[in-house]
Structure formats: structure tokens, C-alpha cells
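Residues per chain, in single letters:
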Amino acid sequence: MELCSINGLKGTITVPGDKSVSHRCIMFGSIANGITEVENFLKGADCRATIQCFRTLGIEIEENGSSVRIHGKGLHGLMPPTDILDVGNSGTTTRLLAGILAGQPFDSKLSGDASLNARPMKRIMEPLTQMGANISSILRNDCAPLYITPGKLHGIHYSSPVASAQVKSCILLAGLYADTETSVTEPSLSRNHTELMLREFGADLHSSHALDSTQATVSLNPGRELYGQRILVPGDISSAAYFIAAGLLVPDSEILIQNVGINPTRAGLLKVCEDMGADITLLNEHTQSGEPIADILVRTSTLHGTTIEGDIIPTLIDEIPIIAVMAAAAEGTTIIRDAAELKVKETDRIETITDNLLAMGCAVTATEDGIVIHGGRPLKGAVIHTLLDHRIAMAFSIAALIAKGNTQILDSKCVDVSYPQFYDTFEELL
């Protein structure tokens, strides 16, 4: 994909359904009793991997455009897989599905592509083992492929060293099959889609925050059956982020992005934009299926640097690539810290962001847990090495719109992981 600078992005758009919510609809619907009907489901490669895994586990799933109908078989209705469960490039599929499989009375194996199989799985293997699960790394490197055999699960109280929705969700899903209460305490609250949706499906679950710290605890009591639901998936704020940035950075632009999820555990981007001086207005705020939703109106703005750290990091970890692009265009210095989790995403995103910003002429320095970006220099066109990371491809496509000269995005097809229509959406704004 080759791109160049433009002016005047204007119009009204929608973005695909939320990736995190879409994954969970398939998983929870499959282990619920009855039919779950989902609208605005994300048909990206990661979510399709989740569908295929549950079909392999004996679940009937009907697809009609962005609508999905899941014929759930209850907590104990999954069938032994006849093949390895292929999770593709999806860390969410791997870690959440491992929690469900830990409670099943049959053997299973999980494996993905080369990138997925290099990502750390010890973070779920340790708590699942504490619960009595039998889970091992086939290559003995604490990564997938994973081998899971039947084990009697016990409830635990797990203090997670990281704020991770995937770790938390894995443990809670295993907790559905445990003999006593399971609880997870995080150093700060990670995205809470699992908690919100499990309550909608009927799980006995409650959350609490420590009054004297930022710690958050969620507890689940086993024994309750789940029941199918009707779910409207909100637009993914991680997908909207690129068009929020485009509306702020491209001269003479005004973009309205409709029906976007603004869950506080996901919407740290909006706070950062506010801190940077962005002209953003939330319209038509409401709640559907337990998730807060709004239309987001964005206008071209003059941005300035800021510091991004601490508890806000888990609420915007996937948006850091596009925030870095915004910081490169802003006046002054932006400091991103406490974001070491970037190193274990689809790529080492600290390194990938830094290398590509340097190629575009930005003054940027990588740190152990983040990036320091000295903004305000004009960006120049460059060859962008995405390393097959969808969020790098999309973020630097936005950078290309304000760079002098042409920019080539290598392996741009990788956007299909989360936003197959990404480049088509631009056509609606030209």
C-alpha cells in the first residue's frame, strides 16, 4: 500500500464491531444454554479463529454478514476436538480458550502461527496450574503449542503481577468449572468486558476496588448455568482510534464516528486526546448490552505533548502505536512509560514504533518500558516495516497522510486481523 499526504477528510463513518467483545460473544455463547444472537460481529481473522475453534469443539455457529447465531450447549456441552485447535494469530483466543478447556473432561491442543507461538503463555499456565489444571507447553518454552488434559479445578485467589484482561478472563472462565469461588486481583483495572458480559449471561460475579490503592478484584462463584443472549457489539474504539487521529491531524478535517464503545477500561485514548488539546465531542451517549456507547465528533486540532503513564496504560495499550503518531505531530515532548507490555504484542511494539518513526524523521528514543517522542518536526515519507502487525500498519497509514512525499506500507494486508475494511473506509471520507 502506497499513501501520500491529503487535506480535508470529512464525513460520517462507522467502524467494525469491537474485537474483544466479538471474541467473548462466541466463547460465552458456546458454553451457554440456548441460542445467542450477535449483531455487528467483527469478521476479522482473529475472531474467525475463535469461531473455527468452537466449531471444532462441536458448536453450531451460523453466519449471515455481520450477524452470528450461536447454538450453545451449556457449560459441559463441548465435544472433544478431532484436531489441533488453530488459534491463528489471536492471543485472546489462546488465553481465554485455555481457561475454558482447563475445565473439560477431554484432551486438547492449542497452536497458532509463528508469531502467536512465540508469545508468552506462562502468565496463564501458572494460575491455571494453581487451580489444578493440567496444562503444558509442548516445546517446553512457556509458549504455545499448549497441551491441556483433564484436571479437577479448585477456586483460588490470584494476585496478578500485570493488569491483563486476558489473564483475568482466563482464570475467571476456568473458575466456572471450579469447586469454590475464584477471584483475581490486578494492580489496576484492565478492560472489563468479561465481567460485564458474564453477568449478562447469568454468572454470579462481583467486583471491588481497594479504597487505599488502585487494585481491583473480581470474584466468581461457580455453579450457575449461563443462558444465551442477544448482543449488539459496539464499534471498536481501537479501530476508531485511527480515524480519531486522522481527524485531528489532517488539515481541514471533520469526522463523525458513530456507535463507538467508550467503556472506561478501554477509552484512555480519549483522555490522552483531551490532555493533548484535541477538539473531540461525545454525542448520543447511551448503553447497550451493558456497554457504554457514543458518537465521536473529531475536528482538526493543534496538539501538544503530554505524559502517559500509570493506571491509564491498560486502558489504551492497543492504541499506543497511533498515540505515538499523534505525538510525533504534536508540539513538544510526549513521554510514554509503564508500557513494557508492548514488548509481547504481535511485535515488540516499542522497537517497531521507534524504528518506523525514525524512518519518517521523528526524534524518538525507546526506553525499557516506553518511548520518548520529541514532536513538531515535519514527517517525511518512508518505507514502513509492519512486521505483519496490524496496528503498526494502520497507525503508520495515518502518519503517511501528514508526511511529505510517498509512504509505502509493507504487508498492509495484515490489517485484516482486526479491520479488513480499513483502507476502504478512507474512501468514505475523501
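Per an unreviewed UniProt entry, the protein goes by 3-phosphoshikimate 1-carboxyvinyltransferase and derives from Faecalicatena acetigenes. UniProt, in the comment section headed Sequence similarities (unreviewed entry), describes the protein in these words: "Belongs to the EPSP synthase family."

Peer 1: Would you explain the sheet that holds strand β11 (residues 182-186) in this entry?
Peer 2: Strand order in the open sheet made by the four strands is β10-β11-β13-β12, with mixed pairing throughout. The open sheet terminates on both sides in strands that have one partner only, identified here as β10 (157-159) and β12 (204-209). On average, each strand axis in the sheet is tilted by 15 degrees relative to the strand beside it, whichever way the strands run. Looking at chain direction, β10 and β11 are connected through three bridges and run parallel. When the bridges of β11 are listed, H157 appears paired with S183. On the sheet, helix α5 (residues 165-175) packs against β10, β11, β12 and β13 (216-221) and is oriented at approximately 170 degrees with respect to β11. In the packing of helix α6 (residues 193-201) onto the sheet, contacts are made with β12 and β13, and the angle to β12 comes to roughly 145 degrees.

Peer 1: Before we go on, may I ask you to explain the pattern of salt bridges in this structure?
Peer 2: It is possible for side chains of opposite charge to pair when their charged atoms get near one another. Taken as a whole and judged by the stated rule, the model has 26 salt bridges. For R299, the salt bridge identified is with D279, shortest N-O distance 3.8 Å. Of this pair, R299 sits in strand β17 (residues 291-299) while D279 is found in strand β16 (residues 279-288), placing the two residues 20 residues apart along the sequence. Taking relative accessible area as the criterion, R299 reaches 30% and is therefore assigned partly exposed. A relative accessible area of 31% places D279 in the partly exposed class. A single network of salt bridges, built from pairs that share partners, joins R191, D318, K345, E346, R349, D389 and R391.

Peer 1: Help me understand the UniProt feature "binding site: 3-phosphoshikimate" (unreviewed entry) in the protein, please; the structure alone is not making it clear to me.
Peer 2: When the UniProt feature table is mapped onto this chain, "binding site: 3-phosphoshikimate" (unreviewed entry) is found at K19, S20, R24, S164, Q166, D318 and K345. Cross-referencing the annotated residues with the lining of the largest pocket gives K19, S20, R24, S164, Q166, D318 and K345. Contact partners of K19, with chain neighbours within four places excluded, come to L42, D46, C47, D236, R391, V417 and S418. When you line up the elements, S164 lands in the loop between β10 and α5. Accessibility expressed as a relative area gives 9% for S164, which makes it buried. Sequence-distant contacts of S164, defined by excluding residues within four places in its chain, comprise E186 and S190. Only 3.2 Å separates the side chain of S164 from the backbone nitrogen of V167, close enough to count as a polar contact.

Peer 1: Which parts of the structure should I look at to understand the packing of helix α3 (residues 91-101) against α5?
Peer 2: For any two helices packed against each other, the geometry is given by the interaxial angle and the distance between the axes. Where α3 meets α5, the closest approach of the two axes is 6 Å, and the angle between their N-to-C directions is 25 degrees. Relative to α5, the element α3 is oriented roughly parallel. Along this stretch, α3 crosses α5, giving a crossing that reads as right-handed. When α3 is examined against α5, the residues G91, T92, R95, L96, G99 and I100 are found in contact with a partner set consisting of Q166, S169, C170, L173 and A174.

Peer 1: Looking at this structure, I do not really get the UniProt feature "active site" (unreviewed entry) in the protein. What am I missing?
Peer 2: In the numbering adopted here, UniProt assigns the feature "active site" (unreviewed entry) to D318. Counting through the fold element by element, D318 comes out in the loop between β18 (307-308) and α9 (320-329). Ignoring anything within four residues of it in the chain, the contact list for D318 reads R191, S238, Y242, K345, R349 and R391. Within the structure, D318 has its side chain in polar contact with the side chain of R191 (distance 3.3 Å).

Peer 1: What exactly am I supposed to notice about unusual backbone geometry here?
Peer 2: Of all residues except glycine, most have a negative phi; of all peptide bonds, most are trans. Here the amide bond leading from A144 into P145 is cis, since omega sits at 5 degrees, within 30 degrees of zero. Take P145: it is sitting in the loop between β8 (134-137) and β9 (146-149). Not every positive phi belongs to a glycine, and N40 is a case in point at roughly 65 degrees. On the secondary structure map, N40 appears in the loop between β3 (33-39) and α2 (45-56). Even without being glycine, D338 reaches a positive phi, approximately 65 degrees. Examined against the element boundaries, D338 turns out to sit in the loop between β19 (332-336) and α10 (349-359).

About the thresholds
- Residues numbered from 1 in each chain as written.
- Predicted model: local features only at pLDDT ≥ 70, side-chain atom pairs only at ≥ 80, totals over all residues.
- Heavy atoms only, no water.
- UniProt positions renumbered as here; feature names shortened; annotations may be inferred.
- Pairing = 2+ DSSP bridges.
- Helix = DSSP H or I, 4+ residues; strand = E, 2+ residues; numbered from the N terminus.
- Axes fitted to C-alpha atoms, helices over the stretch in contact; angles between N-to-C directions.
- Contact = heavy atoms within 4.5 Å.
- Salt bridge = Lys/Arg side-chain N within 4 Å of Asp/Glu carboxyl O.
- Buried < 20%, exposed > 50% of the residue type's maximum accessible area, 1.4 Å probe, protein only.
- 1 Å grid on protein atoms, 1.4 Å probe; cavity = no way out; pocket = protein on both sides within 12 Å on 5 of 7 lines; lining within 4 Å.
- Polar contact = N/O pair within 3.5 Å; in protein donor to acceptor, adjacent residues only side chain to side chain.
- Parallel < 35°, antiparallel > 145°, perpendicular 65-115°, else oblique.
- Left-handed = near helix turned anticlockwise from the far one by under 90°.

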